[in-house]
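Chains, contacts and geometry: an overview
Residues per chain are reported as follows:
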Amino acid sequence: MEEVVFDLSRQGATPLVVAENNQILGVIRLKDIVKGGIKQRFAQLRKMGIRTVMITGDNRKQRLPLLPRPGG
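Computed from a prediction, not measured in an experiment: that's the story for all the values here. (Residues numbered from 1 in each chain as written. Predicted model: local features only at pLDDT ≥ 70, side-chain atom pairs only at ≥ 80, totals over all residues. Heavy atoms only, no water.)

1. Here we look at the overall build of the protein chain
How we decide: The way it works is that DSSP assigns letters per residue, a run of H or I at least four long becomes a helix, a run of E at least two long becomes a strand, and they are numbered from the N terminus. Only protein chains enter the area calculation, which uses a 1.4 Å probe; residues under 20% of their type maximum are buried, those over 50% are exposed, and those in between are partly exposed. What makes two residues a contact is simply this: any of their non-hydrogen atoms within 4.5 Å. Computed with the Shrake-Rupley method and a 1.4 Å probe, the accessible areas treat only the protein chains shown as cover for residues.
The secondary structure content of the protein chain amounts to three helices and two strands. Helices and strands appear in the protein chain in the N-to-C order α-β-β-α-α. Counting all 72 residues of the protein chain, 8% fall into the buried class. Considering only intrachain contacts with a sequence separation of at least 6, the fraction spanning at least 24 residues in the protein chain is 27%. In the structure as shown, the protein chain presents an accessible area of about 6300 Å², 54% of it carried by carbon and sulfur atoms.

Structural data, given as C-alpha cells:
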C-alpha cells in the first residue's frame, strides 16, 4: 500500500487512504485538471492589467502539470 501511495504522489496526484477500524480499505486518487480555455482567460486578465500568480500548498510534482507549457 505504501508503494501505491508513493507512486500516486510521484504522478502528481493526491492519494487518500480510506480505512475503517485500522483496516485499509483502499486508496482514492485526486488530481487537478486544467479546464480548456484557461490560457485565454489569463491572457484577458493580463490585458486588463491584472497580474496573476499561482499559490499552492501542493508539492512540486503536483503543481507542475498545472503550469503553462511553452507553445502549449
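2. Let's talk about the pairing of strand β1 (residues 14–20)
Where we set the bar: Think of it this way: DSSP has to see at least two bridges between two strands before they count as a pair.
Note: β1 against strand β2 (residues 23–30), seven bridges, orientation antiparallel. From the neighbouring strand, A19 faces β2, where its bridge partner is I24. Hairpin remark: β1 followed by β2, antiparallel, with two residues in the connecting loop; positive phi at N21, about 50°.

3. Section: a nonpolar patch on the surface
Note the following rule: Only residues whose relative accessible area exceeds 30% and that form no salt bridge enter a patch; like-charged residues are grouped when within 9 Å of one another, and nonpolar side chains (Val, Leu, Ile, Met, Phe, Trp, Tyr) when within 5 Å. What makes a salt bridge here is a side-chain nitrogen of Lys or Arg within 4 Å of a carboxyl oxygen of Asp or Glu, nothing more.
A grouping of L16, V18, L25, I28 and L30 is seen on the molecular surface, where their side chains present a nonpolar patch of about 410 Å² in accessible area. Where the nonpolar patch is concerned, the elements lending two or more residues are β1 and β2. Looking at which element gives the most residues to the nonpolar patch, the answer is β2, with three residues. Looking at where V18 falls in the secondary structure, it is placed in strand β1.

4. A few points about the pattern of salt bridges
With the rule as written, the count across this model stands at one salt bridge. Note that R10 is salt-bridged to D7, the shortest N-O span being 2.2 Å. Of this pair, R10 and D7 both sit in helix α1 (residues 2–10), three residues apart, which is roughly one turn of the helix.

5. Some remarks on unusual backbone geometry
Non-glycine residue N21 carries a positive phi angle of around 50°. You will see that N22, though not glycine, has its phi angle at about 60°, which is positive. Its place among the elements puts N22 in the loop between β1 and β2.

Nothing here speaks to function; it is geometry throughout.
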